[in-house]
Amino acid sequence: MRCPFCRHADSRVVDSREVDEGQAIRRRRSCSACGRRFTTSETMVLAVVKRSGVTEQFSRDKVVRGVRRACQGRPVDDDALQKLAQQVEESIRATGVAEIPSHEVGLAILGPLRELDAVAYLRFASVYRSFSSIEDFEAEIKNLREAIAESESSAQQDHSD
Ligand SMILES: [Zn+2]
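Criteria and cut-off values
Residues numbered from 1 in each chain as written. Predicted model: local features only at pLDDT ≥ 70, side-chain atom pairs only at ≥ 80, totals over all residues. Heavy atoms only, no water. UniProt positions renumbered as here; feature names shortened; annotations may be inferred. Pairing = 2+ DSSP bridges. Helix = DSSP H or I, 4+ residues; strand = E, 2+ residues; numbered from the N terminus. Axes fitted to C-alpha atoms, helices over the stretch in contact; angles between N-to-C directions. Buried < 20%, exposed > 50% of the residue type's maximum accessible area, 1.4 Å probe, protein only. Contact = heavy atoms within 4.5 Å. Parallel < 35°, antiparallel > 145°, perpendicular 65-115°, else oblique. Left-handed = near helix turned anticlockwise from the far one by under 90°. Nonpolar A, V, L, I, M, F, W, Y, C, P; charged D, E, K, R; others polar. Domains from an automatic or database assignment.

- Taking an unreviewed UniProt entry as the reference, the chain is identified by name as Transcriptional repressor NrdR belonging to Saccharomonospora viridis.
- In its Function (unreviewed entry) section, the UniProt entry covering the chain states "Negatively regulates transcription of bacterial ribonucleotide reductase nrd genes and operons by binding to NrdR-boxes."
- The record in UniProt for the chain states the following under Sequence similarities (unreviewed entry): "Belongs to the NrdR family."

And the structure:
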């Protein structure tokens, strides 16, 4: 990395420390030509492997775009979508993998999206799980009803305590 002051190509690391719970490293460098100091930051690149085998960097924006389509006409605002994309990235990074197949990104979206909006979830799931029949929808709706009932009954228990 070139010195931002004199453009010299060589620098010495004088300090490095982990930030963002070990997801990134920040280094303090000293230019060996002019002696001035600057800071660089290294983040682990989370790569998404597409079906074609091509890898690209994980992008929250891409998650937002994909989910926004499923949310058309639903009461889901941009803040909620940004938060969902952040949850998806955090859950993938928490698994500790450096590369993830693109369909698994889709699966990581399903959980948080179900919490956010049931209709958007069904639309999204129908594409990602390639629903091919009405039965697929029926089975998914049944699962969804059970999950909602479960979270409601646990919410009621919380309330009665
Ligand atoms: Zn310099």
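There's more to say after this.
### With respect to the sheet that holds strand 3 (residues 37-43)
- With respect to topology, 3 strands assemble into an open sheet ordered 1-2-3, the strand pairing being antiparallel. A single partner strand is all that each edge strand has here, and the edge strands are strand 1 (11-19) and strand 3. Adjacent strand axes in the sheet meet at a mean angle of 25 degrees when their direction is disregarded.
- Relative to strand 3, strand 2 (residues 24-31) is paired through 7 bridges, and the arrangement is antiparallel. In the strand pairing of strand 3, Ile-25 is matched with Glu-42.

### Quick notes on the environment of Arg-17
- Mapped onto the fold, Arg-17 is located in strand 1.
- For Arg-17, a relative accessible area of 55% puts it in the exposed group.
- Each C-alpha atom, one on Arg-17 and one on Ser-41, is 9.6 Å from the other, the two residues being 24 residues apart in sequence.
- Those residues in contact with Arg-17 that lie beyond four places of it in its chain are Ala-24, Ile-25 and Arg-26.

### Examining the packing of helix 1 (residues 60-70) against helix 4 (residues 118-128)
- Running from N to C, helix 1 and helix 4 cross one another at 110 degrees; their axes reach a closest spacing of 8 Å. Considered as vectors, helix 1 and helix 4 are oriented roughly perpendicular to each other. Here the hand of the crossing between helix 1 and helix 4 comes out right-handed. For the pair helix 1 and helix 4, the contacting residues are Gly-66, Val-67 and Ala-70 in the first and Ala-120, Arg-123 and Phe-124 in the second.
- The class makeup of the residues in the contact of helix 1 with helix 4 is 4 nonpolar, 1 polar and 1 charged.

### Regarding the domain arrangement of the chain
- By domain assignment, the chain separates into domain 1 (9-41) and domain 2 (45-129).
- Distance from the C-alpha centre of domain 1 to the C-alpha centre of domain 2: 33 Å.

### A look at the sheet that holds strand 5 (residues 55-57)
- The mixed open sheet is built from 3 strands, whose spatial order is 5-4-6. Each end of this open sheet is capped by a strand with a single partner; those strands are strand 5 and strand 6 (99-101). Across the sheet, the axes of successive neighbouring strands diverge by a mean angle of 30 degrees, strand direction being ignored.
- Here 3 bridges tie strand 4 (residues 47-49) to strand 6, and the two strands are oriented parallel to one another. Its bridge partner lying in strand 6, Ala-47 is registered against Glu-99.
- Where helix 3 (residues 102-116) meets the sheet, it contacts strand 4 and strand 6, and its direction lies at approximately 85 degrees from that of strand 6.

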